Amino acid sequence: MITIKQAKDIISNFTNPNNDDISLNTKRSLYSSKNIANQSGHPNQKEHLLHELSGAQEKYGAGHDFKVVYNHIHSAPLQFYLANQLGIATDKAEAEIRQQQLPMMSEAKKFRDNYLSYVEVEEAMNRLIKG
């Protein structure tokens with residue numbers, strides 16, 4: 001199990017604060033023609049994710065399973081950011097999700113259900129913890 005505190009420590013060490021593709025740095029739908037960076041109100045994806053973790057830590061405690069946070073991310077771009085920073089390839093997922101033109105929360109669910117399970121996230125984080 002990865003705790004919220006462990007996830008927060010890992011994410012705090014990410015060196016790239018945003019997705020490489022500028023259109024993925026927004027909370028809006030991937031297929032939207034009006035993707036605007038920083039739509040989430042945070043300066044970058046890293047800060048957005050750390051904000052989500054801080055809220056979860058206050059609500060559940062630092063030792064709670066990070067899985068609850070991952071399963072409640074409603075932004076596919078934020079999921080792409082997490083995956084990319086953990087070294088998990090997402091090119092196929094991005095192309096397929098953009099093509100399907102789903103609403104924002106449906107994109108996030110599709111990404112989580114079909115392209116990046118929590119098990120993969122947990123394994124990648126465990127590798128970083130173990131060094």
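See the structure printed just above.
Residues numbered from 1 in each chain as written. Predicted model: local features only at pLDDT ≥ 70, side-chain atom pairs only at ≥ 80, totals over all residues. Heavy atoms only, no water.

S.K.: Mind showing me how you'd approach the overall build of the protein here?
M.R.: Assigned secondary structure in the protein consists of 7 helices and 0 strands. Counted from the first residue to the last, the protein has its helices and strands arranged as α-α-α-α-α-α-α. Taking 131 residues into account, the globule formula puts the C-alpha radius of gyration at 14 Å, and the protein, at 14 Å, falls close to it. Along the three orthogonal principal directions, the C-alpha set of the protein runs to about 40 × 25 × 25 Å. When contacts within the protein are restricted to residue pairs at least 6 apart in sequence, long-range pairs at least 24 apart make up 73% of them. Taken as a whole, the protein presents about 6900 Å² of accessible surface, with 47% of it coming from carbon and sulfur. (Helix = DSSP H or I, 4+ residues; strand = E, 2+ residues; numbered from the N terminus. Rg over C-alpha atoms; globule rule 2.2 N^0.38 Å. Contact = heavy atoms within 4.5 Å. Areas by Shrake-Rupley, 256 points an atom, 1.4 Å probe, with all protein chains shown as cover.)

S.K.: Looking at this model, I keep getting lost on the pattern of salt bridges. Mind explaining?
M.R.: One pass over the structure, following the stated rule, counts 4 salt bridges. Two residues, D21 and R98, come together in a salt bridge whose shortest N-O distance is 3.2 Å. Placement of the pair is D21 in the loop between helix 1 (4–12) and helix 2 (45–60) and R98 in helix 5 (residues 91–100), with a sequence separation of 77 residues. R98 is paired through a salt bridge with E94; the nearest N and O atoms lie 3.0 Å apart. You can see R98 and its partner E94 sitting in helix 5, 4 residues apart, about one turn around the helix. Counted as one network, the salt bridges with shared partners bring together D21, E94 and R98. (Salt bridge = Lys/Arg side-chain N within 4 Å of Asp/Glu carboxyl O.)

S.K.: Which parts of the structure should I look at to understand helix 5?
M.R.: Given 3.6 residues per turn, any residue in an α-helix points the same way as the ones three and four places further on. Along helix 5, the positions that sit buried rather than exposed are A93, E94 and I97. The buried residues of helix 5 all sit within an arc of 100° when viewed along its axis, so they share a single face. Residues of helix 5 that are exposed and point more than 90 degrees away from the buried face comprise D91, K92 and Q99. Looking at the buried positions of helix 5, the neighbouring elements they touch are helix 4 (76–85) and helix 6 (104–114). Immediately downstream of helix 5, the backbone of Q101 shows phi near 50°, a positive value. (Buried < 20%, exposed > 50% of the residue type's maximum accessible area, 1.4 Å probe, protein only. Arc of directions from axis to C-beta.)

S.K.: I tried to follow the packing of aromatic side chains on my own but got confused; where do I start?
M.R.: Centre distance and the angle of the planes are the two values used to describe a pair of aromatic rings. For the structure shown, the criterion picks out 5 aromatic pairs. Plain terms: the ring middles of Y70 and Y118 are 6.0 Å apart, the flat faces sit at 45° to each other, and that makes the pair tilted. Of this pair, Y70 sits in helix 3 (residues 67–70) while Y118 sits in helix 7 (residues 118–130), and the two are 48 residues apart along the sequence. With 6.4 Å between their ring centres and 35° between their planes, F111 and Y115 make a pair best called tilted. Y115 carries the same exposure label as F111, and that label is buried. Taken together through their ring pairs, the aromatic side chains of F66, Y70 and Y118 make up a single cluster. (Phe/Tyr/Trp six-rings, centres within 6.5 Å; stacked < 30°, edge-to-face > 60°.)

S.K.: Please explain the packing of helix 4 against helix 6 as it appears in this structure.
M.R.: Packed helices, taken two at a time, are described by their axes: the angle between them and the distance between them. One way to put it is that helix 4 packs onto helix 6 with a least axis distance of 8 Å and a crossing angle of 35°. Here helix 4 contributes A76, Q79, F80 and A83 to the contact with helix 6, which in turn contributes E107, A108, F111 and R112. (Axes fitted to C-alpha atoms, helices over the stretch in contact; angles between N-to-C directions.)

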